[in-house]
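Reading the structure
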Amino acid sequence: MSQKVAVVTGGNKGIGFEIVKGLCQKFDGVVYLTARDVDRGSRAVEELKKEGLDPKFHQLDICDQQSLNTFKKHLEDNYGGLDILVNNAAIAFKMASTEPFSVQAEQTIHVNYTSLLETCHILFPLLKPHARVVNVSSSAGHLSRIPGESLKQKLANPSLTEEELTTLMNDFVQAAKNGNHSEQGWPNSAYSVSKVGVSALSFLQQRAFDKDTREDLVVNAVHPGYVKTDMSSQKGNLTPEEGADAPLFCALLAPYVQSPRGEYVWWNRKVVDWQNDINV
């Protein structure tokens, strides 16, 4: 029987680091901490090894297709597949950022949505039976963050395709460049749009697996809570360890446990209705 493998993107600090730590403690298999920066990633691994844990490190820049393909080959050659994928890597501009909104929109969508999508395109063929995928979203990734009713309807449409969703994300970037994104119903937060995209993508991915008779695969979008990290400027009310709780819960669903699946999961493990914000 081949060895099980878990991968966390953006794992060198914050929530990602704590997800790696939790997987090392609870997952019966190899755990990869990946990071864009080799030095930071290697230091994070050494920190965990001092705690008696044994993660592996591999450089991975989700914005670099060559980096993604190199990592894919590494997993194929050494393990033949992948059991857990936690898409955690993301960026967020600070409120005080001086970059034009058009720049913030383009860069944020590129990293948080487009590069996450490319990561999935490259690594999904490696998913073994009963694999779990966790796309780290946010409270900002709830549909209620989109002001425009027409956009809400498009994003919530159960027939929405990946191509249509990507077009919507690109439309937002173009609207930001044109300076009329608000008129079109988009919020003044590129981060919100990117995470709404991640949430919607998660639902599409689950439907695609189900359609392809891969019902054993489970994908969820997870809001980890408002966490004290560099991304939140240390303003959260949860520790990074607490922020890792919901992603770990979804990553470690047992093989024949398929709930939640294709859902938007709140940090306290409740499944939240994406359209109506009702706990179910």
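Residues numbered from 1 in each chain as written. Predicted model: local features only at pLDDT ≥ 70, side-chain atom pairs only at ≥ 80, totals over all residues. Heavy atoms only, no water.

By the naming in an unreviewed UniProt entry, the protein chain goes by carbonyl reductase (NADPH) and is assigned to Gryllus longicercus. Under the UniProt heading Sequence similarities (unreviewed entry), the entry covering the protein chain gives this text: "Belongs to the short-chain dehydrogenases/reductases (SDR) family." (UniProt positions renumbered as here; feature names shortened; annotations may be inferred.)

Let's shift gears to the packing of helix α6 (residues 162–178) against helix α7 (residues 190–211). Closest axis-to-axis distance for the α6/α7 pair is 10 Å, and the angle between their directions is 180 degrees. When the axes of α6 and α7 are compared, the pair comes out roughly antiparallel. Contacts between α6 and α7 pair E162, L165, M169 and F172 from the former with A190, V193, G197, A200, L201 and L204 from the latter. Taken together, the residues of the contact of α6 with α7 break down into eight nonpolar, one polar and one charged. (Axes fitted to C-alpha atoms, helices over the stretch in contact; angles between N-to-C directions. Helix = DSSP H or I, 4+ residues; strand = E, 2+ residues; numbered from the N terminus. Parallel < 35°, antiparallel > 145°, perpendicular 65-115°, else oblique. Contact = heavy atoms within 4.5 Å. Nonpolar A, V, L, I, M, F, W, Y, C, P; charged D, E, K, R; others polar.)

On to the nonpolar core. L75, L82, L155, L165, W186 and W274 are the most contacted members of the largest nonpolar core, which has 55 residues in total. Ranked by residue count, the leading element in this core is α7, at nine residues. Setting aside residues no more than four positions away along its own chain, L155 makes contact with L143, I146, L160, L165, L168, M169, V196, A200 and W274. If you look at the next biggest cluster of nonpolar residues, it comprises 28 residues, including A6, F27, L48 and A246. (Core = buried A, V, L, I, M, F, W, Y, C linked by side-chain atoms within 4.5 Å. Buried < 20%, exposed > 50% of the residue type's maximum accessible area, 1.4 Å probe, protein only.)

This paragraph deals with the environment of L165. Relative to the assigned elements, L165 resides in helix α6. L165 sits in the buried class, given a relative accessible area of 0%. Separated by 36 residues in sequence, L165 and P129 have C-alpha atoms that sit 27 Å apart. In contact with L165, other than residues within four places in its own chain, are Y113, L155, L160, G197, A200, L201 and L204.

Moving on to the pairing of strand β6 (residues 218–222). Along any regular strand the residues' side chains alternate between the sheet's two faces. For β6, the buried fraction is high: five of the five residues fall into the buried class. Alternating positions in β6 separate into two faces, V218, N220 and V222 on one and V219 and A221 on the other, with burial throughout. Bridge count between strand β5 (residues 127–136) and β6: five bridges; the pairing is parallel. The partner of V134 across the bridge, within β6, is N220. (Pairing = 2+ DSSP bridges.)

On to the pattern of salt bridges, then. A complete count under the given rule lists eight salt bridges for this structure. R214 is the salt-bridge partner of D216, the closest N and O atoms lying 3.2 Å from each other. Residue D216 is classed as buried on the basis of its relative accessible area of 15%. R214 sits in the partly exposed class, given a relative accessible area of 27%. Across the pair D245 and R269 runs a salt bridge whose closest N-O atoms are separated by 2.9 Å. Here D245 is found in helix α9 (residues 245–251), whereas its partner R269 is found in the loop between β7 (264–265) and β8 (271–272), with 24 residues between them in sequence. Taking the relative accessible area as the measure of exposure, D245 reaches 28% and is therefore partly exposed. According to the relative accessible area criterion, R269 is partly exposed, its value standing at 40%. (Salt bridge = Lys/Arg side-chain N within 4 Å of Asp/Glu carboxyl O.)

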